[in-house]
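One letter stands for each residue in the lines below.
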Amino acid sequence: MFFQLSEEHQAVRQAARDFAQQELLPGVIERDTTMKFPKEQVRKMGEMGFMGMMVSPEYGGGGMDTISYVLAMEEISKIDNSCSVIMSVNNSLVCWGLEKMGTEEQRKKYLPKLTSGEWIGAFCLSEPEAGSDATKQKTLAIDKGDHYVLNGTKNWITNGGSSSVHLVMAQTDPELGPKGICTFIVETSWPGVVIGAKEDKLGIRSSDTHTILYNDVIVPKENLLGPAGDGFKFAMRTLMGGRIGIASQALGIASGALDLATHYAKERKTFGKAIIEHQAIGFKLADMATEVEAARLMVHRAAYLKDQNLDFGVAASMAKLFASDVAMRQTVEAVQIHGGYGFVKEYHVERLMRDAKITQIYEGTSEVQRMVISRAILQGQLYQPMWK
Ligand code: CAA
């Protein structure tokens, strides 16, 4: 077991940290307040290689491992979680799915645009009646010989209004249930793709979340992604990796809140000393630091297992479940340590607190993660039982 980061990993972390401080921190409060999409920032993330970190260089990607990706995600999430969710969906859902399941033509056509940041991708699984219960897809794709006709509504779509390409899960034969679901690559410029209402959200406010409608969209047969009928399994496999991305976002929120609270506690004086020297605050910070470290180990382990091509699904669910709870707890504590200052925008912790909540919801709620973990326990996949 080796707990030290390589020099390359440290360099990636430093590059992401510098980028977040220099390019994302300026204007982050205003973008959050006005819900302004970070177009310029995303373009720069593309230039820096953050939009397709794990994609092979052959398709314009960084050819990096998942550890590099989670290190970059943590640093960017300390400052701007709208940017980090855009990055996460593009990297671990859209680019990963296209590279793993796409044909050579599909990879060549879409990945260079997505890795460079010229195009942004969206992952369209959730529907009004298919959230956690994701097999209940109502979006329908009818096979018409050389093309499919797509009709349906997706909601909660991250990058919904800013994306140029969608990976859309749709039912092709309701009688087959989950085995009738397929994945399609849909360009948003095609006739019939309608970008619906933009959500006004509690957190990650400058990322754009939309309802999307597909009205008789003609999808050429060559835009079927992966084998017909494999769409649900594709979504589940892709989301396993996505959950590592969201876990690293949650970790970044928690460690960012710890950073801010520590800085403030050293500066702020009450009763004749810095508040960090009061046991009430010092112990709070000690608990926060311990939980952040535990979350980091879980996130890095899930990333490591994925890089080693080992089973990582349960580790990813555990990392997301734990890190998102840590993010929620630590941001509340960070606001408390800041007192009244924590309640105003200028000190950044209230934004992190609002951003933390979504990490317990998207890419599988905490309850869904517990379903995945408890099923693995039931099936004896996790531990060698002592009592038989
Ligand atoms: N890999 C491969 N196959 C898998 C799989 C996985 N990880 N998980 C399940 N499957 C397969 C099963 O083996 C089964 O196949 P067979 O019938 O051949 O055996 C099939 O898929 C159905 O599986 P289940 O019976 O386990 O399905 P279920 O209905 O009980 O649901 C669930 C399981 C874990 C709850 C799943 O529905 C789920 O993960 N729901 C949450 C969906 C989600 O995360 N949505 C996030 C939206 S995307 C988003 O948030 C992105 C964003 O914008 C930020």
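Quick caveat, the model's predicted, so the values are computed rather than measured. (Residues numbered from 1 in each chain as written. Predicted model: local features only at pLDDT ≥ 70, side-chain atom pairs only at ≥ 80, totals over all residues. Heavy atoms only, no water.)

**Side note on the overall build of the protein chain**
Alright, step 1. Counting its regular elements, the protein chain contains eleven helices and ten strands.
Alright, step 2. What you see for the protein chain is a C-alpha radius of gyration of 21 Å, in line with the 21 Å of a compact globule of 388 residues.
Alright, step 3. By principal-axis analysis of the C-alpha atoms, the protein chain measures approximately 80 × 60 × 40 Å.
Alright, step 4. Relative to its 388 residues, the protein chain shows a buried fraction of 55%.
Alright, step 5. Long-range pairs, those at least 24 residues apart, make up 72% of the contacts in the protein chain between residues at least 6 apart in sequence.
Alright, step 6. When the accessible surface of the protein chain is totalled, it reaches about 17700 Å², and 56% of it is carbon and sulfur.
Alright, step 7. Counting 42 positive and 46 negative side-chain charges, the protein chain places the centres of these two groups 3 Å from one another. (Helix = DSSP H or I, 4+ residues; strand = E, 2+ residues; numbered from the N terminus. Rg over C-alpha atoms; globule rule 2.2 N^0.38 Å. Buried < 20%, exposed > 50% of the residue type's maximum accessible area, 1.4 Å probe, protein only. Contact = heavy atoms within 4.5 Å. Areas by Shrake-Rupley, 256 points an atom, 1.4 Å probe, with all protein chains shown as cover. Lys, Arg positive; Asp, Glu negative; His and termini not counted. Charge placed at Lys NZ, Arg CZ, Asp CG, Glu CD.)

**Some details on helix 8 (residues 279-307)**
It helps to recall that an α-helix has 3.6 residues per turn; residues three or four apart then point in one direction.
Alright, step 1. Over its 29 residues, helix 8 extends 41 Å from the first C-alpha to the last, a length consistent with the 42 Å expected when each residue adds 1.5 Å.
Alright, step 2. Phi turns positive one or two residues past the end of helix 8, at N309, with a value near 55°. (Expected span 1.5 Å × (residues − 1).)

**Some points on the side chain of T115**
Alright, step 1. On the secondary structure map, T115 appears in helix 6 (residues 104-116).
Alright, step 2. Taking relative accessible area as the criterion, T115 reaches 4% and is therefore assigned buried.
Alright, step 3. There is a polar contact of 3.2 Å between the side chain of T115 and the backbone oxygen of P112.
Alright, step 4. Those residues in contact with T115 that lie beyond four places of it in its chain are G46, M51, G52, V55, Y59, G60, G61 and C95. (Polar contact = N/O pair within 3.5 Å; in protein donor to acceptor, adjacent residues only side chain to side chain.)

**Regarding the pattern of salt bridges**
Alright, step 1. The final tally for this structure, using the stated rule, is 22 salt bridges.
Alright, step 2. One salt bridge connects E47 with R43, and the closest N-O pair in it is separated by 2.3 Å. One end of the pair, E47, and the other, R43, are both in helix 3 (residues 39-47), four residues apart, so they sit about a helical turn from each other.
Alright, step 3. Classification of R43 as partly exposed rests on a relative accessible area of 36%.
Alright, step 4. Here E74 and R296 are joined by a salt bridge, their closest N and O atoms 2.7 Å apart. Of this pair, E74 sits in helix 4 (residues 66-77) while R296 sits in helix 8, placing them 222 residues apart in sequence. Each member of the pair, E74 as well as R296, is classed as buried. (Salt bridge = Lys/Arg side-chain N within 4 Å of Asp/Glu carboxyl O.)

**Let's talk about unusual backbone geometry**
Alright, step 1. Its identity is not glycine, yet N159 carries a phi of approximately 70°, on the positive side.
Alright, step 2. In this structure, N159 sits in the loop between strand 3 (147-158) and strand 4 (165-171).
Alright, step 3. Its identity as a non-glycine residue notwithstanding, I204 has a phi of 35°, on the positive side.
Alright, step 4. Positionally, I204 belongs in the loop between strand 6 (193-198) and strand 7 (209-220).

**With respect to the domain arrangement of the protein chain**
Interfaces are often sized by the amount of accessible area the parts lose when they come together.
Alright, step 1. Segmentation of the protein chain into domains returns domain 1 (7-119), domain 2 (122-229) and domain 3 (238-378).
Alright, step 2. Computed over C-alpha atoms only, the centres of domain 1 and domain 3 are separated by 21 Å.
Alright, step 3. Summed over both partners, the interface of domain 1 with domain 3 comes to about 2200 Å²; 59% of that surface belongs to carbon and sulfur atoms.
Alright, step 4. Interface area lost by domain 1 to domain 3 is led by I29, E74 and K78, which between them contribute 24%.
Alright, step 5. The interface formed by domain 1 and domain 3 includes two salt bridges.
Alright, step 6. Here domain 1 and domain 3 share nine residue pairs in polar contact (both at pLDDT 80 or more) between them.
Alright, step 7. Per-class residue counts for the side of domain 1 that touches domain 3 are 14 nonpolar, seven polar and four charged. (Domains from an automatic or database assignment. Buried area = accessible area lost by both parts, 1.4 Å probe. Nonpolar A, V, L, I, M, F, W, Y, C, P; charged D, E, K, R; others polar.)

**Examining the packing of helix 4 against helix 7 (residues 231-267)**
Axes are the key here: two packed helices are described by the angle between their axes and the distance separating the axes.
Alright, step 1. At their nearest, the axes of helix 4 and helix 7 sit 7 Å apart, and the two run at 40° to each other. With respect to their mutual orientation, helix 4 and helix 7 come out oblique. The handedness of the crossing between helix 4 and helix 7 is right-handed. On the side of helix 4, the interface is formed by T66, Y69, V70, M73, E74 and S77, while helix 7 contributes I244, G245, S248, Q249, L251, G252, I253 and S255.
Alright, step 2. Its residues placed into classes, the contact of helix 4 with helix 7 shows six nonpolar, seven polar and one charged. (Axes fitted to C-alpha atoms, helices over the stretch in contact; angles between N-to-C directions. Parallel < 35°, antiparallel > 145°, perpendicular 65-115°, else oblique. Left-handed = near helix turned anticlockwise from the far one by under 90°.)

**Looking at the site of the ligand**
Alright, step 1. The immediate surroundings of the ligand are formed by 25 residues, with S132, T158, K233, R243 and R375 found nearest.
Alright, step 2. At 2.9 Å from an oxygen atom of the ligand is found a side-chain nitrogen or oxygen belonging to K233.
Alright, step 3. For the ligand, an oxygen atom lies 2.8 Å from a polar atom in the side chain of R243.
Alright, step 4. Isolated, the ligand exposes 1100 Å² of accessible area, and the fraction of that covered by the protein chains is 72%.
Alright, step 5. Of all the elements in the fold, those that place two or more residues in the shell around the ligand are helix 5 (81-101), helix 7 and helix 11 (366-378).
Alright, step 6. Here the shell around the ligand gets seven residues from one element, more than from any other, and that element is helix 7.
Alright, step 7. Residue composition of the shell around the ligand, grouped by class: 13 nonpolar, six polar and six charged. (Near = heavy atom within 4 Å.)

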